[in-house]
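Structure at a glance
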Amino acid sequence: EDKVVQSPLSLVVHEGDTVTLNCSYEVTNFRSLLWYKQEKKAPTFLFMLTSSGIEKKSGRLSSILDKKELFSILNITATQTGDSAIYLCAVEAIGDYKLSFGAGTTVTVRA
Amino acid sequence: SAVISQKPSRDICQRGTSLTIQCQVDSQVTMMFWYRQQPGQSLTLIATANQGSEATYESGFVIDKFPISRPNLTFSTLTVSNMSPEDSSIYLCSVKAASEAFFGQGTRLTVV
């Protein structure tokens, strides 16, 4: 069974801080790892990672995958209160169309 | 990308009753996925809905409790039957397009 573990479970930072979120996984026939941001109900897509060592960036957010060590990190620099959310990591296996989600990291950014 | 319209957005229901959640997608998709997110927890897949065949349920979920319909390639419903307070959750439908998963707005269900 696929396993996705996120850490920390929650953290509180102040505006301007940098946060690093971790996601480790165990999956047979890995296809991709995805990061989502969940503010209210519906998760919104951030990144999809398939190759090791290639950083993906979108504004203040970036993510990288290590397929040898089976983990990914999501970085948020210069955090803003609008970054407060649950960040979810999910993995997909080849030939299996469903996603397996981690428990999520709750990020709270204080002004 | 895919745009999913999910309704209702929220509901408060009496125990023992049933609620049907609808999802409409703006394009044709082969598979639609139904997730549950219990308070403070992550998303758990309930079932995968395929057009023209029975849904495939994950371990711990059964058709009698969560019947699913998939009459065409753009629409699906999930019914939560004989509800109890333990069914209070957010329910989300999802589709995949270009390897990305897109989600409906979610249904927040409270059973009293």
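Here we summarise the structure given alongside this text. Here the structure is a predicted model, which is why all the values come from computation and not from measurement. Sequence order as written defines residue numbering, which begins from 1 separately in each chain. Chains carry letters and ligands carry numbers; both start at the beginning, A for chains and 1 for ligands, and go up in the order they are written. At least 70 in pLDDT is required for a residue's local features to be given in this predicted model, at least 80 for side-chain atom pairs to be given and counted, and no such filter applies to totals for whole chains, interfaces and linings, which use all residues. As a convention, hydrogens and water are excluded, and side-chain values are obtained from all of the structure's heavy atoms.

**What about the interface of chain B and chain A?**
Rule in force here: Throughout, a contact is declared for two residues whenever any of their heavy atoms are within 4.5 Å. By definition here, a salt bridge exists when the distance from a side-chain nitrogen of Lys or Arg to a carboxyl oxygen of Asp or Glu is within 4 Å. By the criterion applied in these results, polar contacts are pairs of N or O atoms within 3.5 Å in which, for protein atoms, one can donate a hydrogen and the other can accept it, and in which residues neighboring in sequence qualify only through two side-chain atoms. Secondary structure elements are taken from DSSP: a helix is a run of H or I of four residues or more, a strand is a run of E of two residues or more, and numbering for both begins at the N terminus. Each residue is assigned to one of three groups, with Ala, Val, Leu, Ile, Met, Phe, Trp, Tyr, Cys and Pro labelled nonpolar, Asp, Glu, Lys and Arg labelled charged, and all others, Gly among them, labelled polar.
Every contact between the two is made by 20 residues of chain B and, on the other side, 17 residues of chain A. In this assembly, chain B and chain A are joined by two salt bridges. Two residues, A:Lys98 and B:Glu58, come together in a salt bridge whose shortest N-O distance is 2.8 Å. Linking chain B to chain A there are seven residue pairs in polar contact (both at pLDDT 80 or more). When contributions to the side of chain B that touches chain A are tallied by element, the ones reaching two or more residues are β4 (31–37), β9 (89–97) and β10 (100–103) of chain B. When residues of the side of chain B that touches chain A are assigned to their parent elements, the largest contribution, four residues, is made by β4(B). Partitioned by chemical class, the residues of the side of chain B that touches chain A number nine nonpolar, seven polar and four charged.

**Considering the sheet that holds strand β3 (residues 19–26) of chain A**
Residues and elements named next belong to chain A. Let me state the cut-off plainly: When DSSP finds two or more bridges between a pair of strands, those strands are recorded as paired. Throughout, an axis means a line fitted to C-alpha atoms (over the contacting stretch in the case of helices), and angles, computed between N-to-C directions, take values from 0 to 180 degrees.
One open sheet accounts for five strands, arranged β1-β3-β8-β7-β6; its pairing is antiparallel. What marks the edges here is a single partner per strand, and that holds for β1 (3–7) and β6 (56–58). Between one strand axis and the next, the sheet turns by 15 degrees as a mean value, whatever way the strands run. Strand direction decides the pairing type here: β6 and strand β7 (residues 61–66), joined by three bridges, are antiparallel. Bridge pairing in β7 links lysine 56 to serine 63.

**A few points about the side chain of A:Ser100**
Relative to the elements of secondary structure, A:Ser100 occurs in strand β10 (residues 99–101). Leave out the neighbours within four places in its chain, and A:Ser100 touches A:Asp2, A:Val4, A:Cys89, A:Ala90 and A:Val91.

**Here's the deal with the pattern of salt bridges**
The condition is simple: Three exposure classes are used, based on accessible area relative to the maximum for each residue type with a 1.4 Å probe and protein chains only: buried under 20%, partly exposed in between, and exposed over 50%.
One pass over the structure, following the stated rule, counts six salt bridges over all chains. Linking A:Glu92 and A:Arg31 is a salt bridge whose minimum nitrogen-to-oxygen distance equals 3.4 Å. Placement of the pair is A:Glu92 in strand β9 (residues 85–93) and A:Arg31 in strand β4 (residues 30–38), with a sequence separation of 61 residues. Of the residues examined, A:Glu92 reaches a relative accessible area of 2% and is grouped as buried. Residue classification places A:Arg31 among the partly exposed residues on the basis of a relative accessible area of 34%. Each of the salt bridges in this network shares a partner with another, and the network as a whole consists of A:Arg31, A:Glu92 and B:Lys96.

**With respect to the nonpolar core**
All names here are of chain B. Here is the rule we go by: Nonpolar cores are built from buried Ala, Val, Leu, Ile, Met, Phe, Trp, Tyr and Cys residues. Side-chain atoms within 4.5 Å join them into one set.
In terms of nonpolar packing, the biggest core is built from 27 residues, with Trp34, Ile46, Phe66, Ile68, Tyr91, Val95 and Leu109 touching the most fellow members. For this core, the elements supplying multiple residues, two or more each, are β3 (19–25), β4, β5 (44–50), β8 (75–80), β9 and β11 (107–111). Per element, the largest residue contribution to this core is four residues, and it comes from β3. Not counting the four nearest positions on each side in its chain, valine 95 is found in contact with Ala2, Ile4, Val25, Val29, Met31, Met32, Phe33, Glu100, Ala101 and Phe102.

**A closer look at the sheet that holds β8(B)**
Residue and element names in this part refer to chain B. The four strands lie next to each other as β1-β3-β8-β7, forming an open sheet whose pairing is antiparallel. The open sheet has two edge strands with one neighbour each: β1 (4–7) and β7 (68–72). Strand-to-strand twist of the sheet, defined as the mean angle between neighbouring strand axes without regard to direction, takes the value 15 degrees. Pairing of β1 with β3, which is carried by four bridges, proceeds in the antiparallel orientation. Pairing of glutamine 6 across the sheet is with cysteine 23, part of β3.

**Side note on the environment of B:Arg10**
Tracing the backbone shows B:Arg10 in strand β2 (residues 10–13). Along the backbone, B:Arg10 and B:Ile90 are 80 residues apart, and their C-alpha atoms lie at a distance of 8.6 Å.

**A look at the state of the cysteines**
Counted only if it meets this: When the sulfur atoms of two cysteines come within 2.5 Å, that pair is taken as a disulfide.
Scanning the model with the defined rule gives two disulfides over all chains in all. A sulfur-sulfur separation of 1.9 Å characterises the disulfide bridge that pairs A:Cys23 with A:Cys89. The sign of the -70 degrees torsion about the S-S bond sets the A:Cys23-A:Cys89 disulfide as left-handed. With A:Cys23 in strand β3 and A:Cys89 in strand β9, this residue pair connects regions lying 66 residues apart in the sequence. Cysteine B:Cys13 shares no disulfide, and the gap to the nearest cysteine sulfur, in B:Cys23, comes to 16 Å. In this structure B:Cys13 comes out as buried when scored by relative accessible area, which is 7%.

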